[in-house]
Amino acid sequence: MEDKENKYTKKVTVREILNFFKFERLTGDDKSLDRWTVVPDVNRPGFELCGFYKQSDPRRIIIIGNKESEFIKTMTPEEQRARFPMLTDGYTPCLIITKNNALPPILKEIADHLNFPIMRTDMETFRLVTELISFLDERLAPEDTISGTLMSVYGKGVLITGESGMGKSETALELIRNGQVLVADDRVDVQHIHNNIIGHSPAIIKGLLEIRGIGIIDVEKMFGASALIARSPVDMVIDLVKFNAADEYNRIGDETMHYTKILDVLVPTIVLPVSAGRNMRILIESAVTNFRLQQDGFSASKEIKERFNTYAGKDI
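Remember, predicted model here, so these are calculated numbers, not experimental data.

### Observations concerning the overall build of the protein chain
In terms of regular secondary structure, the protein chain is built from ten helices and 19 strands. Of the contacts made within the protein chain by residues no fewer than 6 positions apart, 71% connect residues no fewer than 24 positions apart.

Below, the structure written as structure tokens:
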């Protein structure tokens, strides 16, 4: 089975799906489980069973639910033999029957001949479709790797970026000491799932922080299991930059919002200048708190403008 489009680089095998959902295998030998899917979607073949195949994507997993099972019972043997081969196309990963419906004998005959995998579950069709698409969406999600530190600060996923030596790991340590939670340090693997960016740590450095002058520390052993989580959405980016008196920085808060594009998703970004005497832990926690207030509709910059308008011309 060859992929029709080169843009798909990730694959999920039928074996992975079978093992994850614990389906009952009805047809196909062990080799048939090496078939794969590249599309995070499924197909309920109503039109295909009627003989209409235009716009059908054979790379999608086929789901046979109650309606399809009942419709198949109305089909003649000739109609079944004409249409079932289209459901077991060489590009089609597998077919799954829900609600423990019976496997039509002619479909079994054709699947056995082609060594095509058919599986069965007692799950409701809508439940299977939801869970299977979520599973495929995550496994097939576009991925990238970003240099930075990902923290959960007051429940928001904060990706701290900046040049080497800006103190990202040291700031993360201060945040952890104050009750915030580490996701990943130094390298963050990100995925585009359900229109969100989800970040996690590579297994080899999970739970570790590199602190210059100290070395590698194990966050879980030093601060407990609650100081570490496996993954988090990336809700905002805080970019640490060297302070430059000649540069313009956000002062009122009504300046144009900056964004960082990660896997085609625009993530709100705050630029924080780093200089001696600035407590980056407090600044980051304050930035996150202000970000949450803005999401709830409160704007301090709007508030100060309203005050100026109120007191304009008054002796205060």
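### Digging into the sheet that holds strand β8 (residues 143-147)
The pairing of strands in a sheet happens through backbone hydrogen bonds and is either parallel or antiparallel. If you walk across this open sheet you meet the four strands as β8-β12-β13-β16, and the pairing is antiparallel. Sheet topology places β8 and β16 (231-233) at the edges, where each strand pairs with a single neighbour. Taken over all neighbouring pairs, the strand axes of this sheet differ in orientation by 30 degrees on average, direction set aside. Summarising the sheet, β8 and strand β12 (residues 187-193) pair through five bridges and their orientation is antiparallel. By the bridge assignment for β12, Glu143 is matched with Gln191.

### Quick look at the UniProt feature "active site" (unreviewed entry) in the protein chain
According to UniProt, the feature "active site" (unreviewed entry) maps to Lys168, Asp186 and Arg251 in the numbering used here. Tracing the sequence through the fold places Asp186 in the loop between β11 (181-184) and β12. Non-local contacts of Asp186, meaning those with residues more than four positions away in its chain, are made with Ile146, Ser147, Gly148 and Thr149.

### Considering the sheet that holds strand β9 (residues 149-153)
Taking strand neighbours across the sheet as the criterion, the six strands line up as β11-β9-β10-β17-β19-β18 in an open arrangement whose pairing is mixed. In this open sheet, the two edge strands, each paired with only one partner strand, are β11 and β18 (258-262). Within the sheet, the average angular offset between the axes of one strand and its neighbour, ignoring direction, is 35 degrees. Strand direction decides the pairing type here: β9 and strand β10 (residues 156-162), joined by five bridges, are antiparallel. In the sheet register, Leu150 faces β10, and the bridge partner there is Leu159. Packed onto the sheet, helix α7 (residues 168-177) meets β9, β10, β11 and β17 (236-242) and runs at close to 20 degrees relative to β9.

### Examining the environment of Glu220
By the element assignment, Glu220 lies in helix α8 (residues 219-223). The residues contacting Glu220, other than those within four sequence positions of it, are Gly207, Ala225 and Leu228.

### Things to note about the pattern of salt bridges
Within this structure, the stated rule accounts for 16 salt bridges. One salt bridge in this structure joins Asp41 and Arg60, with 3.4 Å as the shortest N-O distance. Separated by 19 residues along the polypeptide, Asp41 in the loop between β3 (36-37) and β4 (42-43) and Arg60 in the loop between α2 (46-49) and β5 (61-64) bring together distant segments of the chain. Judged by its relative accessible area of 30%, Asp41 falls in the partly exposed class. A salt bridge links Arg81 to Glu109, with the shortest nitrogen-to-oxygen separation between them at 2.9 Å. On the criterion of sequence distance, the pair formed by Arg81 in helix α4 (residues 77-87) and Glu109 in helix α5 (residues 105-114) is long-range, its members being 28 residues apart. Among the residues examined, Arg81 registers a relative accessible area of 42% and is labelled partly exposed. In this structure Glu109 comes out as partly exposed when scored by relative accessible area, which is 42%.

### A look at the nonpolar core
Among the nonpolar cores identified, the biggest contains 25 residues, and Met151, Leu209 and Ile238 are the most heavily contacted of them. Looking at this core, the elements with two or more residues in it are β9, β10, α7, β14 (208-211), β17 and α9 (280-295). Per-element tally for this core: the top contributor is α9, with five residues. Contact partners of Leu209, with chain neighbours within four places excluded, come to Ser169, Ala172, Leu173, Ile176, Leu182, Asp185, Gly215, Ile216, Ile217 and Val219. Residues Val14, Phe23, Val42 and Ile96 belong to the second largest nonpolar core, which totals 20 residues.

### Quick word on the packing of aromatic side chains
In total, this model carries five aromatic pairs according to the counting rule given. Each ring, one from Phe20 and one from Phe21, has its centre 4.9 Å from the other, and the planes form 75 degrees; the classification is edge-to-face. We classify Phe21 as buried; its relative accessible area is 12%. Where Phe21 meets Phe135, the ring centres are 5.4 Å apart and the plane angle is 70 degrees; that geometry is what we call edge-to-face. With Phe21 in helix α1 (residues 14-21) and Phe135 in helix α6 (residues 125-139), the pair connects residues that are 114 residues apart, well separated along the chain. Look at Phe135 and you get buried, because its relative accessible area is 6%. Every member of this aromatic cluster is reached through a ring pair, and the members are Phe20, Phe21, Phe23 and Phe135.

### Side note on α7
α7 sits mainly inside the fold: seven of its ten residues count as buried. Within α7, the full set of buried residues consists of Lys168, Ser169, Thr171, Ala172, Leu173, Leu175 and Ile176. Among the residues trailing α7, Gly179 stands out with phi positive, at a value near 100 degrees.

The rules behind these values
Residues numbered from 1 in each chain as written. Predicted model: local features only at pLDDT ≥ 70, side-chain atom pairs only at ≥ 80, totals over all residues. Heavy atoms only, no water. Helix = DSSP H or I, 4+ residues; strand = E, 2+ residues; numbered from the N terminus. Contact = heavy atoms within 4.5 Å. Pairing = 2+ DSSP bridges. Axes fitted to C-alpha atoms, helices over the stretch in contact; angles between N-to-C directions. UniProt positions renumbered as here; feature names shortened; annotations may be inferred. Salt bridge = Lys/Arg side-chain N within 4 Å of Asp/Glu carboxyl O. Buried < 20%, exposed > 50% of the residue type's maximum accessible area, 1.4 Å probe, protein only. Core = buried A, V, L, I, M, F, W, Y, C linked by side-chain atoms within 4.5 Å. Phe/Tyr/Trp six-rings, centres within 6.5 Å; stacked < 30°, edge-to-face > 60°.

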